[in-house]
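So you can see what is in the structure, the chains are spelled out below.
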Amino acid sequence: MRKLTYLVACSLDGYIGDPAGDATSMLAYLDEEYLGHLATELADTLPTHARRGLGVDDVPNTRFDTIVQGRASYDLALKEGITSPYAHLRQYVASRTLTESPDPDVEIVADDLVGRVRALKAEDSALDIYLCGGSQIAGELLEEVDELVIKSYPQVYGSGMPMFAGTGFAVTDFRLASVRAFGNGVLIRTYDRKR
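For the structure given in this document, a descriptive report is provided here. Note that this is a predicted model, so its numbers are computed, not measured. (Residues numbered from 1 in each chain as written. Predicted model: local features only at pLDDT ≥ 70, side-chain atom pairs only at ≥ 80, totals over all residues. Heavy atoms only, no water.)

A look at the pattern of salt bridges
Going by this rule: Salt bridges are defined as contacts in which a side-chain nitrogen from Lys or Arg sits within 4 Å of a carboxyl oxygen from Asp or Glu. Elements are defined by DSSP. Helices are runs of H or I of four residues or more, strands are runs of E of two residues or more, and each kind is numbered from the N terminus. Each residue is placed in one exposure class: buried if its accessible area under a 1.4 Å probe, protein chains only, is under 20% of its type's maximum, exposed if it is over 50%, and partly exposed if it falls in between.
Per the counting criterion, the structure on display carries 13 salt bridges. Residue Glu144 pairs with Lys121 through a salt bridge whose shortest N-O separation is 3.4 Å. A residue pair is termed long-range when its members are at least 10 positions apart, and Glu144 in the loop between helix 5 (135-140) and strand 7 (147-153) and Lys121 in helix 4 (residues 113-122) qualify at 23 residues. Lys121 matches Glu144 in its accessibility class, with the two residues each being buried. Between Asp146 and Arg195 there is a salt bridge, and its shortest N-O distance comes to 2.8 Å. Here the residue Asp146 occupies a position in the loop between helix 5 and strand 7, and Arg195 occupies one in the segment after strand 10 (187-193), the gap between them amounting to 49 residues. Within the structure, one salt-bridge network assembled from shared partners comprises Arg118, Lys121, Glu144, Asp146 and Arg195.

The structure is reproduced here in structure tokens:
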């Protein structure tokens, strides 16, 4: 069974963006050390144009072969004229409002997202599934999340878009697997789901 990994950037107080979802303040932390780590350890999770910019666009996928993201996350690329932002992965966009995909390499999942993710997890593959966000689909898929990789930026937002929206109160336990600290104050924490 493949893992669903929610890899997300957030503030110290657990927000992935301001109330409108904007997280551009976190870009200030993309220094040489941190970018080097992203390029070597998390290259699969970088958009294709970012991989190209870092010189790793021809590096084979080592961790993920599939991405699931929400409409708001996908819209960030569409606003830049990019219809296939993760061309190195199989791309799924969860949306009830986007009726037709603007790119043949991007599949729209309009209903039963949980069922679609369960089918993807059941596929025979050595690589896992990257849940890119956003907040709403992460909340909808919380029971399917096997691993959390949280890139914590040393900022406090005070309010904004939570890591998991719409879940209501429910305790879900994870086990700390690793922590990586960077000179710029960013921490990458990895947690495995306790089942």
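Description of the sheet that holds strand 10
For clarity, the cut-off: By definition, two strands form a pair when at least two bridges between them are found by DSSP. Here the axes come from fitting lines to C-alpha atoms, over the contacting stretch only for helices, and the angles between their N-to-C directions go from 0 to 180 degrees.
With mixed pairing, 8 strands are arranged side by side in an open sheet as 5-4-3-6-1-7-10-9. Where the open sheet ends on each side, the last strands, each with one partner, are strand 5 (106-109) and strand 9 (174-181). This sheet shows a mean twist of 25° between the axes of neighbouring strands, independent of strand direction. Bridge analysis of strand 3 (residues 64-70) against strand 6 (residues 128-133) gives 5 bridges, and the strand direction is parallel. Paired with Phe64 across the two strands is Asp128, which belongs to strand 6.

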